[in-house]
Amino acid sequence: MAVRHIRLFPDFVLQTPCRPIVRIGPKTSDLLRDLKHTLQASHGVGLAAPQIGISLQAAVINVAKDPRKRFLGGSNHGLAVVINPQIVEARGLERPREGCLSVPDLLANVRRYAWVRVRALNAEGRQWILEVEGFEALAFQHEIDHLQGRLFLDRVANLSTDLYRRQDLQR
Ligand SMILES: [Zn+2]
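In this text, all values refer to a predicted model and were calculated from it rather than measured experimentally.

Basis of the calculations
- Residues numbered from 1 in each chain as written.
- Predicted model: local features only at pLDDT ≥ 70, side-chain atom pairs only at ≥ 80, totals over all residues.
- Heavy atoms only, no water.
- Pairing = 2+ DSSP bridges.
- Helix = DSSP H or I, 4+ residues; strand = E, 2+ residues; numbered from the N terminus.
- Core = buried A, V, L, I, M, F, W, Y, C linked by side-chain atoms within 4.5 Å.
- Buried < 20%, exposed > 50% of the residue type's maximum accessible area, 1.4 Å probe, protein only.
- Contact = heavy atoms within 4.5 Å.
- Salt bridge = Lys/Arg side-chain N within 4 Å of Asp/Glu carboxyl O.
- Donors = N, O, S within 2.8 Å, 3.2 Å for Na, K, Ca; no water.
- Polar contact = N/O pair within 3.5 Å; in protein donor to acceptor, adjacent residues only side chain to side chain.

**Student:** For this particular structure, what's the right way to read the pairing of strand β5 (residues 103–109)?
**Tutor:** Consecutive side chains along a regular strand alternate between the two faces of the sheet. Bridge analysis of strand β4 (residues 97–100) against β5 gives three bridges, and the strand direction is antiparallel. What sits directly across from C100, in β5, is V103. The hairpin formed by β4 and β5 contains two residues between the paired strands. Note that β5 and strand β8 (residues 163–165) share three bridges and pair antiparallel. Note on β8: the bridge partner recorded for L107 is Y164.

Quick look at the structure:
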């Protein structure tokens, strides 16, 4: 089991678009394993390869155990692996409050779609198309953004009213 160090903003790797994975082999399996283990050891619902310093298009998402899933509802695919994911269709706008393992001090209200259809390769390299909704849709969009070198801070509606310090909210 390899739990990797999570890169923090403003690390350059988090702001760099990742390369697609062209050949799925043992190195991909190692990367996916590390992503799963590191996600499991964190309190997050998703983790993208650049967050562990690898600039390749792979991410893992798992909303199953997060309590926010109950409040926000939506789909639940359990532990999902996506390689080279693309959003091919999107509907409905929301303004959820989001955080990120790579930006531990801040939360923000961001613009996201309520429903998206995603095309990706799975861990075996087969194409799959999945439809995600609600909390899971937010998590997918957040991780796909990471693979394009974007952070949730880039999606903040208004920097003066929609950005919060985590410690101020917990007081
Ligand atoms: Zn993140």
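From this point, the narrative continues.
**Student:** Is there a simple way to think about the nonpolar core in this case?
**Tutor:** Most often, soluble globular proteins keep nonpolar side chains buried together rather than apart. Core analysis: the largest hydrophobic core is formed by 20 residues, its most contacted members being I61, V63, V82, V118, V132 and F140. Of all elements in the fold, only β2 (58–61), β3 (80–94), β6 (112–121), β7 (127–133) and α3 (135–147) reach the threshold of two or more residues within this core. Excluding anything up to four places from it in sequence, V82 contacts Q57, A58, A59, I61, A120, L121, W128 and F140. Formed by 14 residues, the second largest nonpolar core is a distinct cluster that contains L32, L35, A49 and V60.

**Student:** I'm lost on the environment of G99 in this one. Help?
**Tutor:** Mapped onto the secondary structure, G99 falls in strand β4. Placed 53 residues apart in sequence, G99 and F152 show a C-alpha to C-alpha distance of 7.5 Å. With sequence-adjacent residues up to four places away left out, G99 is seen in contact with L106, L107, H142, F152 and R166.

**Student:** Help me understand the pattern of salt bridges, please; the structure alone is not making it clear to me.
**Tutor:** The tally for this structure, following the rule as stated, stands at twelve salt bridges. Where R95 meets D162, a salt bridge forms, and the shortest distance between an N and an O atom there is 2.7 Å. In this pair, R95 is assigned in the loop between β3 and β4 and D162 in the loop between α3 and β8, connecting sequence segments 67 residues apart. Here D162 falls in the buried class, since its relative accessible area comes to 5%. Among the charged side chains, a salt-bridge network with shared partners connects R4, D30, R33 and D34.

**Student:** How should the coordination of the zinc ion be read in this particular structure?
**Tutor:** Reference geometry at the metal: tetrahedral coordination by four donors gives ideal angles of 109.5 degrees; octahedral coordination by six donors gives 90 or 180 degrees. Surrounding the zinc ion are the protein donor atoms C100 (SG), H142 (NE2) and H146 (NE2), which sit 2.1 to 2.2 Å from the metal. For the zinc ion, all donor residues lie on one chain, and their spacing in sequence is C-x41-H-x3-H. Of this pair, C100 sits in strand β4 while H146 is found in helix α3, placing the two residues 46 residues apart along the sequence. For the residue pair C100 and H146, the accessibility class agrees, reading buried in each case.

**Student:** I tried to follow the environment of R112 on my own but got confused; where do I start?
**Tutor:** If you trace the backbone, R112 turns up in strand β6. Classification of R112 as buried rests on a relative accessible area of 2%. Expressed as a C-alpha distance, the spacing of R112 and P96, which sit 16 residues apart in the sequence, is 7.3 Å. The residues contacting R112, other than those within four sequence positions of it, are G92, L93, E94, P96, E98, L138, Q141, H142, D145, F152 and R155. Among the polar contacts made by the side chain of R112, one reaches the side chain of D145 at a distance of 2.9 Å.

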